[in-house]
Amino acid sequence: FLGGLYGLILILGYYVANKKILSQCPKWVLIFVFVVSFIINTLLARYFYNKSIFGITIFVWYTSPFIIVGAICLFELLRRITIEKSNKVVTLISKGSFAIYLTHKLVLLFIDSLLKKIPAFFEIGIVLQTFIRFTLSFGIPVLFVWMADKLPFPRIKKLLLFMK
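Conventions we followed
- Residues numbered from 1 in each chain as written.
- Predicted model: local features only at pLDDT ≥ 70, side-chain atom pairs only at ≥ 80, totals over all residues.
- Heavy atoms only, no water.
- Helix = DSSP H or I, 4+ residues; strand = E, 2+ residues; numbered from the N terminus.
- Buried < 20%, exposed > 50% of the residue type's maximum accessible area, 1.4 Å probe, protein only.
- Contact = heavy atoms within 4.5 Å.
- Patch = residues over 30% accessible without salt bridge, like charges linked within 9 Å, V, L, I, M, F, W, Y side chains within 5 Å.
- Areas by Shrake-Rupley, 256 points an atom, 1.4 Å probe, with all protein chains shown as cover.
- Salt bridge = Lys/Arg side-chain N within 4 Å of Asp/Glu carboxyl O.
- pLDDT = per-residue confidence, 0-100.
- 1 Å grid on protein atoms, 1.4 Å probe; cavity = no way out; pocket = protein on both sides within 12 Å on 5 of 7 lines; lining within 4 Å.
- Points joined across faces, edges and corners; volume = space filled by probe spheres on them.
- Nonpolar A, V, L, I, M, F, W, Y, C, P; charged D, E, K, R; others polar.
- Expected span 1.5 Å × (residues − 1).
- Axes fitted to C-alpha atoms, helices over the stretch in contact; angles between N-to-C directions.
- Left-handed = near helix turned anticlockwise from the far one by under 90°.

A. Layout of the overall build of the protein chain. Along the protein chain, the regular secondary structure elements total seven helices and zero strands. Moving toward the C terminus, one meets the helices and strands of the protein chain in the order α-α-α-α-α-α-α. Seen through its principal axes, the protein chain has C-alpha atoms that stretch 45 × 40 × 35 Å. With 164 residues in all, the protein chain has 22% of them scored as buried. Looking at the protein chain alone, contacts between residues at least 24 apart form 64% of all its contacts between residues at least 6 apart.

Pasting the structure below:
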């Protein structure tokens, strides 16, 4: 099997979605584990950044156990949503997930360039800074994907944004 760790993550996602291996896990446990994983990963990333340690990516990259566990918990939480309006949001994010991934870094760079000009931003706590950056770097691409989804040109959506 040449998929490596990424292939194992895909297989794990298959088992969560189709074999429902986390279906017995209480919702509060999934939320707690997701939040703790997110916080640990954020603190590790900040620590390595502050110490100018850039060679160690295992704790802050996609291979990080904290990102993998948090992503699996979030995936299971989203899988459980059954409300019609929420399903539309989840479907939109699913259809545009690659476009969101491709555009989030550009948005993040733009946001960071703006936030550097606001000294008060650096006076708030690191958790609030991370929440603001996360919300904007995810929310703006989702809004972009939503607007692109309204375009009546399916071929353009597929070619430019890899949307289904």
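B. Layout of a nonpolar patch on the surface. Taken together, the side chains of Leu5, Leu8, Ile11, Leu12, Tyr14, Tyr15 and Ile21 present a nonpolar region at the surface, about 600 Å² in accessible area. By the element assignment, isoleucine 11 lies in helix 1 (residues 4-18). Exposure remark for isoleucine 11: the relative accessible area of 35% places this residue in the partly exposed category.

C. Inspection of the confidence of the model for the protein chain at higher detail. Looking at the protein chain as a whole, the pLDDT averages 83, with 91% of positions reaching at least 70. At the low end of the mean pLDDT range in the protein chain sits helix 4 (residues 84-95), at 73; at the high end sits helix 3 (residues 65-79), at 89.

D. The layout of surface pockets, seen in detail. Reported here for the second largest pocket is a volume of approximately 160 Å³. Every residue along the wall of the second largest pocket is listed here: Lys88, Val89, Thr91, Leu92, Lys95, Val142, Trp146, Asp149 and Lys150. Looking at the lining of the second largest pocket, the elements that each hand over two or more residues are helix 4 and helix 6 (126-149). Top element by residues in the lining of the second largest pocket is helix 4. It accounts for five residues. Looking at the lining of the second largest pocket residue by residue, the class counts come to four nonpolar, one polar and four charged.

E. Layout of the pattern of salt bridges. On inspection of all chains with the given rule, the structure shows three salt bridges. Residues arginine 80 and glutamate 76 are paired through a salt bridge, measuring 2.8 Å at the closest nitrogen-oxygen approach. Residue arginine 133 is joined to aspartate 112 by a salt bridge in which the shortest nitrogen-to-oxygen separation is 2.8 Å. Of the two residues, arginine 133 sits in helix 6 while aspartate 112 sits in helix 5 (residues 97-115), which places them 21 residues apart along the sequence. Using a relative accessible area of 27% as the deciding quantity, one classes arginine 133 as partly exposed. Counted as one network, the salt bridges with shared partners bring together Glu76, Arg79 and Arg80.

F. Spatial organisation of helix 2 (residues 27-50). Between its first and last C-alpha atoms helix 2 spans 34 Å; for 24 residues at 1.5 Å apiece the expected length is 34 Å, and the two agree. Where helix 2 is concerned, the buried positions are Leu30, Ser37, Asn41, Thr42 and Phe48. On its buried side, helix 2 packs onto helix 3 and helix 6. Positioned one or two residues after helix 2, serine 52 has a phi angle of 55 degrees, which is positive.

G. Highlighting the packing of helix 2 against helix 3. The N-to-C vectors of helix 2 and helix 3 enclose an angle of 145 degrees; their axes lie 8 Å apart at closest approach. As helix 2 runs across helix 3, the sense of the crossing is left-handed. Along the contact surface, helix 2 presents Lys27, Leu30, Ile31, Val33, Phe34, Ser37, Ile40, Asn41 and Leu44, while helix 3 presents Phe66, Ile67, Val69, Gly70, Cys73, Leu74, Glu76 and Leu77. A class-by-class count of the residues in the contact of helix 2 with helix 3 yields twelve nonpolar, three polar and two charged.

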